[in-house]
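Chain by chain, the residues:
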Amino acid sequence: AQSVTQPDIHITVSEGASLELRCNYSYGATPYLFWYVQSPGQGLQLLLKYFSGDTLVQGIKGFEAEFKRSQSSFNLRKPSVHWSDAAEYFCAVGARYGNKLVFGAGTILRVKS
Amino acid sequence: GAVVSQHPSWVICKSGTSVKIECRSLDFQATTMFWYRQFPKQSLMLMATSNEGSKATYEQGVEKDKFLINHASLTLSTLTVTSAHPEDSSFYICSARDQAGGLNSDEQFFGPGTRLTVL
């Protein structure tokens, strides 16, 4: 079955500290992986995506993610968090040419000053 | 580019009434649009896939007679919640695939969502 696990429901980091949000997936085919951010009451904004090639992908707002096939993981990182990064982050997996995205439960990021 | 809008952004209605939510791709054509439902503090659950000019494909457990989807043009899909009840209260989000991206475009562009509250 296709599934995405985000083990951390909430994470709190200090402004300026580094961040890593975990994502593990279970997928029967070659996965296409996404990270989205959602601010309160807003839709989803794509941070980055991985289809193939270099397993370290760069996204917007200084985020990056690394695809590790052996660990079925696609963790999101940022070296220095800003207060404006406080939001909910969703990892998602889909199939190439496919339509369906399966989302993780989300991780709420809180940034303390 | 690749902007998706939803209207209304929020709606409050009485139990038993029907509510229509519009999803528009503003600067691209979308053969396929998707409707998601998000409960408070939960993830997005795909409700249905909407293809222009054909019937929508509903996910298991989603009542197609309850949630009517119409995708009459390449830029507009509508979701009508019929005979709404309080348990239908939720955040409804649509997304669209950019047709011009071809088969290599796997990205969905999301609308800002519609908050439905049924009293």
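See above for the structure.
Residues numbered from 1 in each chain as written. Chains lettered and ligands numbered in written order. Predicted model: local features only at pLDDT ≥ 70, side-chain atom pairs only at ≥ 80, totals over all residues. Heavy atoms only, no water.

## Points about the interface of chain B and chain A
Logical step 1: With 21 residues of chain B at the interface, the matching set in chain A holds 21 residues.
Logical step 2: Our count for the chain B to chain A interface comes out at 0 salt bridges.
Logical step 3: Counting every contact that joins chain B to chain A gives 2 residue pairs in polar contact (both at pLDDT 80 or more).
Logical step 4: Those elements that provide at least two residues to the side of chain B that touches chain A are β4 (32-38), β5 (44-51), β9 (90-97) and β10 (108-110) of chain B.
Logical step 5: When the residues that make up the side of chain B that touches chain A are grouped by side-chain class, the tally is 9 nonpolar, 8 polar and 4 charged. (Contact = heavy atoms within 4.5 Å. Salt bridge = Lys/Arg side-chain N within 4 Å of Asp/Glu carboxyl O. Polar contact = N/O pair within 3.5 Å; in protein donor to acceptor, adjacent residues only side chain to side chain. Helix = DSSP H or I, 4+ residues; strand = E, 2+ residues; numbered from the N terminus. Nonpolar A, V, L, I, M, F, W, Y, C, P; charged D, E, K, R; others polar.)

## A closer look at the state of the cysteines
Logical step 1: Counted by the stated rule, this structure contains 2 disulfides over all chains.
Logical step 2: Between the sulfur atoms of A:C23 and its disulfide partner A:C91 the distance amounts to 2.0 Å. The sign of the -65° torsion about the S-S bond sets the A:C23-A:C91 disulfide as left-handed. Taken together, the residues A:C23 in the loop between β3 (19-21) and β4 (24-26) and A:C91 in strand β10 (residues 87-95) connect sequence positions 68 residues apart. A single burial state applies to A:C23 and to A:C91, both of which are buried.
Logical step 3: Across a sulfur-sulfur distance of 2.0 Å, B:C23 and B:C94 are joined as a disulfide pair. Measuring the twist about the S-S bond at about 80°, one finds the B:C23-B:C94 disulfide to be right-handed. Separated by 71 residues along the polypeptide, B:C23 in strand β3 (residues 19-25) and B:C94 in strand β9 bring together distant segments of the chain. Comparing B:C23 with B:C94, the two get one shared label, buried. (Disulfide = S-S within 2.5 Å. Buried < 20%, exposed > 50% of the residue type's maximum accessible area, 1.4 Å probe, protein only.)

## Quick notes on the layout of surface pockets
Logical step 1: Space inside the largest pocket adds up to approximately 430 Å³.
Logical step 2: Along the wall of the largest pocket there are 20 residues; nearest its centre are B:M45, B:L46, B:M47, B:E59 and B:V62.
Logical step 3: Elements supplying a minimum of two residues to the lining of the largest pocket: β11 (101-103) of chain A together with β5 of chain B.
Logical step 4: Broken down by element, the lining of the largest pocket gets its largest block of residues, 4 residues, from β5(B).
Logical step 5: A class-by-class count of the residues in the lining of the largest pocket yields 10 nonpolar, 3 polar and 7 charged. (1 Å grid on protein atoms, 1.4 Å probe; cavity = no way out; pocket = protein on both sides within 12 Å on 5 of 7 lines; lining within 4 Å. Points joined across faces, edges and corners; volume = space filled by probe spheres on them.)

## Digging into the packing of aromatic side chains
The geometry of an aromatic ring pair is captured by two quantities: the separation of the ring centres and the angle between the planes.
Logical step 1: Here the structure, examined in full by the defined rule, presents 15 aromatic pairs over all chains.
Logical step 2: Aromatic side chains A:Y50 and A:F67 sit 4.6 Å apart centroid to centroid with 25° between the ring planes, which places their arrangement in the stacked category. Of the two residues, A:Y50 sits in strand β6 (residues 44-50) while A:F67 sits in strand β8 (residues 64-68), which places them 17 residues apart along the sequence. In terms of burial, A:Y50 and A:F67 fall into one category: buried.
Logical step 3: A ring pair is formed by A:F103 and B:Y36, whose centres lie 5.6 Å apart and whose planes are at 90°; its orientation type is edge-to-face. With A:F103 in strand β11 and B:Y36 in strand β4, this residue pair bridges two chains. In this pair, the class of A:F103 matches that of B:Y36, namely buried.
Logical step 4: Among the aromatic residues, those joined into a ring-pair cluster are A:Y32, A:F34, A:Y36, A:F51, A:F90, A:F103, B:Y36 and B:F110. (Phe/Tyr/Trp six-rings, centres within 6.5 Å; stacked < 30°, edge-to-face > 60°.)

## Remarks on the pairing of β5(B)
Residues and elements named next belong to chain B.
Logical step 1: Most of β5 is tucked away, with 6 of its 8 residues classed as buried.
Logical step 2: In textbook terms, the turn of a hairpin is the stretch between consecutive antiparallel strands, and for β4 and β5 this stretch comprises 5 residues, one of which, K41, has a positive phi near 60°.
Logical step 3: Pairing of β5 with strand β6 (residues 57-58) involves 2 bridges; the strand directions are antiparallel. The partner of T49 across the bridge, within β6, is T57.
Logical step 4: Connecting the antiparallel pair β5 and β6 is a turn made up of 5 residues, with G53 showing a positive phi of about 80°. (Pairing = 2+ DSSP bridges.)

## Some thoughts on unusual backbone geometry
Logical step 1: B:H7 connects to B:P8 through a cis peptide bond whose omega is 0°.
Logical step 2: By the element assignment, B:P8 lies in the loop between β1 (4-7) and β2 (10-13).
Logical step 3: For A:K61, which is not glycine, the phi dihedral falls at a positive 60°.
Logical step 4: Mapping A:K61 onto the fold places it in the loop between β7 (56-58) and β8.
Logical step 5: Notably, B:S83 is not glycine yet its phi reads approximately 45°, a positive angle.

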